[in-house]
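Residues per chain are reported as follows:
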Amino acid sequence: MTSSARRPLLNRRLAEFGTTIFAEMSALALSTGSINLGQGFPDTDGPEVIREAAVRALRDGRGNQYPPGPGIPELRTAIAAHQERRYGLTYAPDTEVLVTAGATEAIAATLLALLEPGDEVIALEPYYDSYAACIAMAGGTRVPVTLRPHEETRDGVVHRRFRLDLDELRDAVTDNTRLLLINTPHNPTGTVLTRAELTAIAELAVERDLLVVTDEVYEHLVFGEAEHIPLATLPGMRGRTVTIGSAGKSFSFTGWKVGWVTASPELVTAVRSAKQFLTYVSSGPFQYAVAEALALPDTYFQAFGADMLAKRDLLSAGLTEAGFKVFQPAGTYFVTTDIRPLGENDGFAFCRALPERAGVVAIPNAVFYDHREAGAPFVRFAFCKKTSVLEEAVSRLKTLAG
């Protein structure tokens, strides 16, 4: 047997990545009949008008064959119009917009395009698990900057959030740093970076001449006083930022896998060079439907946000009553909790036992950390489910307090 035959089959860059925790916990939900508040997908479809737009495209033969590589013109125009209408960002549909197979492909294509082996990527920990895998596939080195739990009392009310340490971020930059990978609203913590935090990130990027990739798929899920501010709107950032968006989170059709990139022509050209050898194209008829979805009136986005806010409050209150310490999210559709008040400190063990104990599935946040100990006591629940499902989950979870 040759030495090459004895080599492990899996590329060594991916050796640390096995079956995702989402697959494990979703299988556990099925085998135990538990309510799945682990994986972040809705249990109802989005607006009927959008679904009918996809059906109409299918019947009319639009998108049933290969669509254009960069995405259909109608969708690229709709993405550009959405960015301008909501944020005052102007992008040329033909040269500054690229449609991808969901945000996951957008992340992969961007990192494969922009990184060389040995380049360092600073990412906000905890982070979406595909970030680490895509950095590894590109040969980059991930450098986590950890969001830390913070608690303060204002007007007699306790407020908890995960906060970015800007000094730690600045100290993480070296001569090998190629780009910053930013996610706001942030999954899994629900943090929405403030204007002050984003301004500091922008100033650092300009000072050190860094590229920034910003994952903004939860842009329409921001609650209360929080405000989503695209990093590309800040001084010096338009030409060095790759902004990633997605239809799945905003319109509740996650299976359609329609995402996009907006950036300067040079950056879009680079990302397209990698993307064309991944899926090349995808989601033909759905692209036409998403083009119509992005043109929906503001009342749709307001109603969508209000519905998710009510569900956030329902689940947060129930988790608090069940004995969890709750970090009420300012964005996304996830709630992060601290399990230590329940006498627990191992999120993996807690989540694997929770289906039998309470008939509910959650995700241990430690899977999103390089520094596993920092995430050990935190557990994430999704609230993008029917109200009746959340009410039943809350009822089950309350048994933990007994």
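In every chain, residue numbers begin from 1 and rise along the written sequence. Reporting in this predicted model follows two pLDDT cut-offs: at least 70 for local features of residues, and 80 or more for side-chain atom pairs to be given and counted; totals over whole chains, interfaces and linings ignore these cut-offs and use all residues. Calculation of side-chain values draws on the structure's entire complement of heavy atoms; hydrogens and water are dropped beforehand.

Draft legend 1. Summary view of the packing of aromatic side chains. A pair of aromatic rings is counted whenever rings of Phe, Tyr or Trp (Trp by its six-membered ring) have centres within 6.5 Å, and the orientation is called stacked for planes under 30 degrees apart, edge-to-face for over 60 and tilted otherwise. One pass over the structure, following the stated rule, counts 19 aromatic pairs. Here Y218 and F334 contribute two aromatic rings whose centre-to-centre distance is 6.0 Å and whose plane-to-plane angle is 75°, an arrangement assigned as edge-to-face. Taken together, the positions of Y218 in the loop between β8 (211-215) and β9 (241-246) and F334 in strand β12 (residues 334-338) put the pair 116 residues apart, joining distant regions of the chain. Exposure classes here rest on a 1.4 Å probe applied to the protein chains alone. A residue is buried below 20% of its type maximum, exposed above 50%, and partly exposed in between. Look at F334 and you get buried, because its relative accessible area is 1%. Relative to F334, the ring of Y333 has its centre 5.3 Å away and its plane inclined at 70°; by these criteria the two rings are edge-to-face. Judged on exposure class, the residue Y333 and its partner F334 are both buried. An aromatic cluster is built from F251, Y300, F301 and F304, whose rings are joined through pairwise contacts. Across the ring face of Y288, the terminal group of R62 is positioned such that the distance to the ring centre comes to 4.8 Å. Secondary structure elements are taken from DSSP: a helix is a run of H or I of four residues or more, a strand is a run of E of two residues or more, and numbering for both begins at the N terminus. We call a charge positioned above a ring when the Lys NZ or Arg CZ atom is no farther than 6 Å from the ring centre and deviates by at most 35 degrees from the ring normal.

Draft legend 2. Region of the structure containing the sheet that holds strand β15 (residues 378-382). In this analysis, strands are considered paired if DSSP registers two or more bridges between them. Spatial ordering of the open sheet is given by β11-β12-β15-β14, a layout of 4 strands whose pairing is antiparallel. In this open sheet, the two strands that pair with only one neighbour each are β11 (325-327) and β14 (363-364). In this structure, β14 lies alongside β15, joined through 2 bridges in antiparallel fashion. Residue I363 lies in a different strand from β15, and its bridge partner there is R380. Only heavy atoms enter the contact rule, under which two residues are in contact if any of them lie within 4.5 Å. A fitted line through C-alpha atoms represents every axis, and for helices the fit uses only the stretch in contact; the resulting angles, taken between N-to-C directions, go from 0 to 180 degrees. In the packing of helix α12 (residues 298-321) onto the sheet, contacts are made with β11, β12 and β15, and the angle to β12 comes to roughly 15°.

Draft legend 3. The arrangement of the packing of α12 against helix α15 (residues 387-397) in detail. Between α12 and α15, the shortest axis-to-axis distance is 9 Å and the interhelical angle comes to 10°. Comparing their axes, α15 and α12 come out roughly parallel. On α15, the residues touching K311, L314, L315, G318 and L319 of α12 are T387, L390, E391, V394 and L397. Asp, Glu, Lys and Arg are counted as charged, while Ala, Val, Leu, Ile, Met, Phe, Trp, Tyr, Cys and Pro are counted as nonpolar; the rest, among them Gly, fall into the polar class. Partitioning the contact of α12 with α15 into residue classes produces 6 nonpolar, 2 polar and 2 charged. Any angle between 65 and 115 degrees counts as roughly perpendicular, while under 35 counts as roughly parallel, over 145 as roughly antiparallel, and the rest as oblique.

Draft legend 4. Structural context of the sheet that holds β9. Judged by pairing direction, the sheet is mixed, and its 7 strands sit side by side in the order β2-β10-β9-β8-β7-β3-β4 without closing on themselves. Two strands bound the open sheet, and with one partner strand each, they are β2 (97-100) and β4 (141-146). Put simply, the sheet's adjacent strands are angled 20° from each other on average, direction ignored. Summarising the sheet, strand β7 (residues 177-183) and β8 pair through 5 bridges and their orientation is parallel.

Draft legend 5. How the structure looks around helix α4 (residues 73-87). The terminal C-alpha atoms of α4 lie 21 Å apart, and with 15 residues this matches the ideal 21 Å at 1.5 Å per residue to within 8%. The elements touched by buried residues of α4 are β2, β9, β10 (259-262) and α11 (284-294). Trailing α4 by a residue or two, G88 shows a phi angle of about 75°, which is positive. To estimate the expected span of a helix, subtract one from its residue number and multiply by 1.5 Å.

Draft legend 6. Layout of the domain arrangement of the protein chain. When its domains are assigned, the protein chain resolves into domain 1 (12-40 + 299-400) and domain 2 (48-296). An automatic or database domain assignment provides the domain bounds reported here. The distance between the C-alpha centroids of domain 1 and domain 2 comes to 23 Å. Contact residues are listed per partner, giving 33 residues for domain 1 and 42 residues for domain 2. Taken together, both faces of the contact between domain 1 and domain 2 bury some 3,200 Å²; the carbon and sulfur share is 63%. Two parts placed together each lose some accessible area; with a 1.4 Å probe, that loss summed over both constitutes the buried area. When the area that domain 1 buries against domain 2 is broken down by residue, the three leading residues are F301, T332 and F368, summing to 21%.

Draft legend 7. Looking closely at the UniProt feature "domain: Aminotransferase class I/classII large" (unreviewed entry) in the protein chain. UniProt records the feature "domain: Aminotransferase class I/classII large" (unreviewed entry) at residues 35-397, using the numbering of this structure. Helix makes up 41% of residues 35-397 and strand makes up 20%, while its end C-alpha atoms are separated by 11 Å. UniProt positions are given in the numbering used here, feature names are shortened, and annotations may be inferred rather than shown by experiment.

Draft legend 8. The side chain of H228, seen in detail. Positionally, H228 belongs in the loop between β8 and β9. Polar contact is the term for a pair of N or O atoms within 3.5 Å; when the atoms are in protein, one must be able to donate a hydrogen and the other to accept it, and sequence-neighboring residues count only if both atoms are side-chain atoms. Only 2.9 Å separates the side chain of H228 from the side chain of E216, close enough to count as a polar contact. Excluding residues that lie within four positions of it along the chain, H228 makes contacts with Y87, T184, P185, E216, E219 and V222.

Draft legend 9. Spatial organisation of the side chain of S283. Structurally, S283 can be placed in the loop between α10 (265-275) and α11. A polar contact of 2.7 Å, which involves the side chain of S283, links it to the backbone oxygen of W256. Not counting chain neighbours up to four residues away, the residues in contact with S283 comprise W256, K257 and V258.

Draft legend 10. Spatial organisation of the packing of α4 against α11. Closest axis-to-axis distance for the α4/α11 pair is 8 Å, and the angle between their directions is 25°. On the basis of their axis angle, the class for α4 and α11 is roughly parallel. Viewed along their axes, α4 and α11 form a crossing whose handedness is left-handed. Residues E74, L75, A78, I79, H82 and R85 of α4 pack against Q287, Y288, V290, A291 and L294 of α11. Here the residues of the contact of α4 with α11 sort into 7 nonpolar, 2 polar and 2 charged. Left-handed describes a crossing whose near helix is turned anticlockwise from the far helix by less than a right angle; the clockwise case is right-handed.

Draft legend 11. Highlighting the nonpolar core. For our purposes a nonpolar core is just a set of buried Ala, Val, Leu, Ile, Met, Phe, Trp, Tyr and Cys residues, chained together by side-chain atoms within 4.5 Å. Core analysis: the biggest nonpolar cluster contains 100 residues, and F251 and F381 have the highest contact counts within it. Contacts of F381, omitting those with residues within four sequence positions, involve L37, L315, L319, F324, Y333, F334, V335, T337, L354, V360, A362 and L397. Core analysis: the second largest hydrophobic core is formed by 27 residues, L164, A202, V212 and L231 among them.

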